[in-house]
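Residues per chain, in single letters:
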Amino acid sequence: MDLEYGKCWDAAKKDSWKTILLLAYQSLGVVYGDLGISPLYVYKSTFAEDIQHSETNEEIFGALSFVFWTLTLVPLFKYVFIVLRADDNGEGGTFALYSLICRHAKVSLLPNGQAADEALSTYKLEQPPEKKNSSRVKTYLEKHKFLHTALLILVLLGTCMVIGDGLLTPAISVFSAVSGLEFFMSKEHHQYAVIPITCFIIVCLFALQHYGTHRVGFLFAPVVLIWLLCISALGLYNIIHWNPHVYQALSPYYMFKFLKKTGKRGWMSLGGILLCITGSEAMFADLGHFSYAAIQIAFTFLVYPALTMAYMGQAAYLSQHHETSYQISFYVSVPESVRWPVLIVAILASVVGSQAIISGTFSIINQSQSLGCFPRVKVVHTSDKIHGQIYIPEINWVLMILCIAVTIGFRDTKHIGNASGLAVMTVMLVTTCLTSLVIILCWHKPPVLALCFLFFFGSIELLYFSASLTKFREGAWLPILLALCLTTIMFVWHYATIKKYEFDLHNKVSLEWLLALGPSLGIARVPGIGLVFTDLTSGIPANFSRFVTNLPAFHRILVFVCVKSVPVPYVPHAERYLVGRVGPPAHRSYRCIVRYGYRDVHQDVDSFESELVDRLADFIRYDWYKTDGTNSCTDDAASRSNESTSDGRLAVIGTVSLCGAPAYEIEETLQPASVSGGFTSVDSVTDVIEMEPVRTVQRRVRFALDDESETDTRSEINVQLLEELQDLFAAQQSGTAFILGHSHVRAKQGSSILKRLAINFGYNFLRRNCRGPDVALKVPPVSLLEVGMVYVV
C-alpha cells in the first residue's frame, strides 16, 4: 500500500526541507506542550507512596529504565513510525481511524449515507485488492450488527477519555509548575499559596479561550523550545556533575531488578511512570495541522532526546541525594541560581501544554457533534484565516469549573496523576485496537501482523492500565466516572437520533402526494422560499405534511434541505451542495443536501440563505443547459419535464459560472448505485443519479433535426430557463421561511425500562437543555416556522 495515498499535505517529498523544518518548529507549541512538561511530575508521582528511594539506587535506576523504554516504545515506535501513517486525508485522531474503518467496511451507524458520498474527492480508498483473510475479517464485522455498536462505544469511550484528559492536564501541569514556589517560601505560606495561584492561572487560561489561540499562538513554539532546551541543559549538567554513569540504567536489566526488589509496590508505582507519555496522542490528533515528516523530525531529533536527557539528569541527581529536605520533585535537581527563571519558564510551558489539550477537547467535541454523538452546542470560529480554531462556550466553562474542583479537591500531584494516567492509557488502548483494524481493513495486511501489533503494544499499555486501576480510590475513579457519564450521554443522544431518523423514514409521504397538492384541495402557493429542514435524503418528510395539513399553503419555491455528515474529515466547498429537483420543473420544488466532514464547522458561510439560492440558480442553469445539449436525443421539451418527475436525479453544484451550451452525448445503460460523470465545459459539476428505488434502463436514442427545429427548441428552453430563474430571484426578494421540526420523542408502549429511561427522560432532558436546531443552523428568529412533531420510537 502507498502510505502517502490520499494525504492532503501532498506528501512530504514535495515539500522543501525549509517548509518541513518550519512546520516541525511550529508543531512544538501545539503538539508537544503536554508531553514536554511531563518531567515536572513523573518522578514525584512514582515515588509518592508506593516505593521509597534507597541508597542502592535500584529504585531510581529502575524507574529511569522504565521511563526510557516507555518513551522509546510508545511515542517513538508506536506513534511516530506506525500510527501516524494511519491518517485520513492527512487527519489524525480517534475519529480519523473510525472514519477509515467505516469507509472500508460497512460498520457505520450513520443512517443517511448515500452512494453519491463515495464520489467525494476526500472519500478515497486504497486500491490494492483485499487479501482473503482481510476480506474474512471485513465480512465478519459487517455481518454482526452488535460489533458495529461495540465499535462505536469503543470510539466514544476513547473520546470521553480525551475530554477527561482536557480536564486533568491543566490541573496537574499548572499545579506541578507552581509547586516550585515551595523553595522560595516557608512551608506555612506555601501551603496556602499554591492552590490559589494555580486556580487563578486556570481561570485566566479558560477566560482567554474566546479570543482564540491565533492571537498568542506565535509565542507557543518559542516557549516550548526554550523549555526543552532548558531541561536538556539541566539534565546534561546533572549527569556530568553528579553521576556520569547514569546511562547504565538505560539497560532493560534494571527494570527486572526494579520489579524484583519492589514487587507489588513497584508494579503499583507504574501508574506514576506512565505519566511520561501523557500527550503522545496529540502527535496523532494534531496531524492535520502539520505533516507526518514535520512531527516525525520534531519528536525524533528534539523532543525525544530532550526528555531522555531531562529524566537521566534527574535520576543522576537523585542517585547522589538520598535524603533531601523536600519530597522528590523536578525542582530539587535545579541549581538554586537558576530556579526562578526555570520556575517562570515551567509555568509558561504548563499553560501552553494546557492550551493545546483544551483546544483539542473543543475539536473532538465538534467532531462528536458532527457525527450525531453529542448534544448540540454553540461552535464559534476564533480565526477567519486559520480553519479549525474553534471555541465552545458551554464546554469551556464546564471544563473550568471541573478543573478548579479537581485542583481544590485533590490538592496534590499524586491523586491528579493517578486520574490522568488512567485516562491517557485508555485513549492509547482504544487507538491500538482501532489501528489494528486499520492494518487489516485499510492497509490489507495479514491479520497476523495486526495481532502482533495489538499484542505487543496492547500488553505494554495493559500493564500500565492495570497499575492505574489499583489507584481507583486514590483519584483514578474520576476519569472512570466522567467517562461513564459522558459515554452514556453520547450513546443516548446517538441512539435517539437514529430512532428519529428511522421514524422519519417510515413515515415519509410519497412524491405523488406532493404533486397532487393544489387549488383543487384548497392549497395555495404563497410568494417566497420555503426551506424545509429534514434528515431525509429522499422522500417528503412527515413534518412538511403536518405543516400543510395545519396551514393549507406553502411557498412558491420549495426546498427540502438536508444537512448531513459524511465519514470524511473535510468536504471541499465545491462538492458540498448536492442539488436536484423534486417533481417537474413547473412545480418549483428542489432538494438540497449539504454535506460536511467530521472536522468541518457547520454553516461556514456568512449567509446560508444567499449561498443556497446561488447554488439553486447554478443547478437550474446546469439542468436546462444539459437538456439543451441532450435535446437532440429526445422527442421534445415536454419529455424532459416528464423525465424530471422522479425524486432521484441530483447534481453536485460548486461555485461555477455556466455560460454557453455544452454538447453532450447521452449513453444510457444499466446504472450502478451511483454514477459520476465529468463535463468538459462545466467545472465542479457532477451528475449523480441515485438508484435507490429501482434500477432502470434508459435508452440511447438519436433523432436528426433540421436547424430551424433545433433553433425553436433552444429558444423554448431559454424561455423556460429565464422564467425559472426569475421565479427563484423574485421569491428570494419576497423572503425566506425556515421550516423546522420541533420534536418530542417518546418510547413505544411495551418498551423496556432502560429504553423508556433513555428516551423519555435522558434524551428529552438533553434536548431541552442544549442548543436548538435553529441556533445550530443560524436561522433568523423572524424567519423561523416550527412544526410540532411527536416521535414514537
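It should be emphasised that the depicted structure is a prediction, and the values quoted were computed from it without experimental measurement.

Q: Would you mind showing me how to read the overall build of the chain here?
A: The helix and strand inventory of the chain stands at 25 helices and eleven strands. For the chain, buried positions account for 57% of its 793 residues. Within the chain, contacts between residues separated by at least 24 positions form 84% of all contacts whose residues are at least 6 apart in sequence. Entry remark: accessible area of the chain is about 33,300 Å², with carbon and sulfur atoms responsible for 61%.

Q: Which parts of the structure should I look at to understand the side chain of Thr435?
A: Inspection of the secondary structure assignment puts Thr435 in helix H16 (residues 413–441). Of the residues examined, Thr435 reaches a relative accessible area of 0% and is grouped as buried. Those residues in contact with Thr435 that lie beyond four places of it in its chain are Val83, Leu97 and Phe453.

Q: Explanation requested: the confidence of the model for the chain in the structure shown.
A: Parts of the model with low pLDDT should not have their predicted coordinates read in detail. When pLDDT is averaged across the chain, the result is 81; 83% of the residues are at 70 or more. Low pLDDT, under 50, characterises residues 632–647; the stretch is placed with 31 contacts to residues that sit more than four places away or in other chains. A low-confidence stretch, residues 656–705 stays under pLDDT 50, and its non-local contacts, those more than four residues away or across chains, total 96 contacts.

Q: Just checking my understanding: could you explain a nonpolar patch on the surface for this structure?
A: A cluster of nonpolar residues, Leu469, Phe472, Trp477, Ile480 and Leu481, forms a patch on the protein surface that exposes about 410 Å² of accessible area. Residue contributions to the nonpolar patch peak at three residues, all from helix H18 (residues 477–507). On the secondary structure map, Ile480 appears in helix H18. Ile480 gets classed as partly exposed once you look at its relative accessible area, which sits at 31%.

Q: What is the right way to read the side chain of Glu724 from this model?
A: Note that Glu724 resides in helix H23 (residues 707–734). Side-chain polar atoms of Glu724 contact the side chain of Arg581, separated by 2.6 Å. The residues touching Glu724, leaving out its near neighbours within four places in the chain, are Arg581, Pro585, Arg588, Tyr590, Ile620 and Trp624.

Q: Explain the packing of H18 against helix H24 (residues 753–769) to me, please; I cannot follow it from the model alone.
A: To characterise two packed helices, one gives the angle between the axes of the helices and the distance between these axes. Direction vectors running N to C along H18 and H24 enclose 100 degrees, while the axes themselves pass 10 Å from each other. It follows from the interaxial angle that H18 and H24 lie roughly perpendicular. Contact with H18, carried on its side by Ile489, Val492, Trp493, Tyr495, Ala496 and Lys500, involves Lys755, Ala758, Ile759, Gly762, Tyr763, Leu766 and Arg767 of H24 and no other residues of that element. A breakdown of the residues in the contact of H18 with H24 according to their chemical character gives nine nonpolar, one polar and three charged.

Q: Just checking my understanding: could you explain the packing of aromatic side chains for this structure?
A: The geometry of two aromatic rings is summed up by the distance between their centres and the angle between their planes. On inspection of all chains with the given rule, the structure shows 23 aromatic pairs. Look at Phe77 and Phe81: their rings are 6.3 Å apart centre to centre, the planes differ by 50 degrees, and that puts the pair in the tilted class. A residue is classified by how much of its surface remains accessible, and Phe77, at 37% relative accessible area, is partly exposed. According to the relative accessible area criterion, Phe81 is partly exposed, its value standing at 37%. On the basis of an interplanar angle of 80 degrees and a centroid distance of 5.4 Å, the ring pair of Phe330 and Tyr331 is categorised as edge-to-face. The class of Phe330 is buried, set by a relative accessible area of 3%. Feature note: the residues Tyr32, Phe68, Trp69, Phe299 and Tyr304 constitute an aromatic cluster, connected by ring pairs.

Q: Is there a simple way to explain helix H15 (residues 393–410) in this structure?
A: Three or four residues apart is the spacing at which side chains of an α-helix point the same way, because the helix has 3.6 residues per turn. End to end, H15 covers 26 Å across 18 residues, agreeing with the expected 26 Å (1.5 Å per residue, within 8%). Looking only at H15, the buried set comprises Pro393, Ile395, Asn396, Leu399, Met400, Cys403, Ile404, Val406, Thr407 and Phe410. All buried residues of H15 lie within an arc of 160 degrees about the axis, which places them on one face of the element. In H15, the exposed positions angled more than 90 degrees off the buried face are occupied by Ile401 and Gly409.

About the criteria used
- Residues numbered from 1 in each chain as written.
- Predicted model: local features only at pLDDT ≥ 70, side-chain atom pairs only at ≥ 80, totals over all residues.
- Heavy atoms only, no water.
- Helix = DSSP H or I, 4+ residues; strand = E, 2+ residues; numbered from the N terminus.
- Buried < 20%, exposed > 50% of the residue type's maximum accessible area, 1.4 Å probe, protein only.
- Contact = heavy atoms within 4.5 Å.
- Areas by Shrake-Rupley, 256 points an atom, 1.4 Å probe, with all protein chains shown as cover.
- pLDDT = per-residue confidence, 0-100.
- Patch = residues over 30% accessible without salt bridge, like charges linked within 9 Å, V, L, I, M, F, W, Y side chains within 5 Å.
- Salt bridge = Lys/Arg side-chain N within 4 Å of Asp/Glu carboxyl O.
- Polar contact = N/O pair within 3.5 Å; in protein donor to acceptor, adjacent residues only side chain to side chain.
- Axes fitted to C-alpha atoms, helices over the stretch in contact; angles between N-to-C directions.
- Parallel < 35°, antiparallel > 145°, perpendicular 65-115°, else oblique.
- Nonpolar A, V, L, I, M, F, W, Y, C, P; charged D, E, K, R; others polar.
- Phe/Tyr/Trp six-rings, centres within 6.5 Å; stacked < 30°, edge-to-face > 60°.
- Expected span 1.5 Å × (residues − 1).
- Arc of directions from axis to C-beta.

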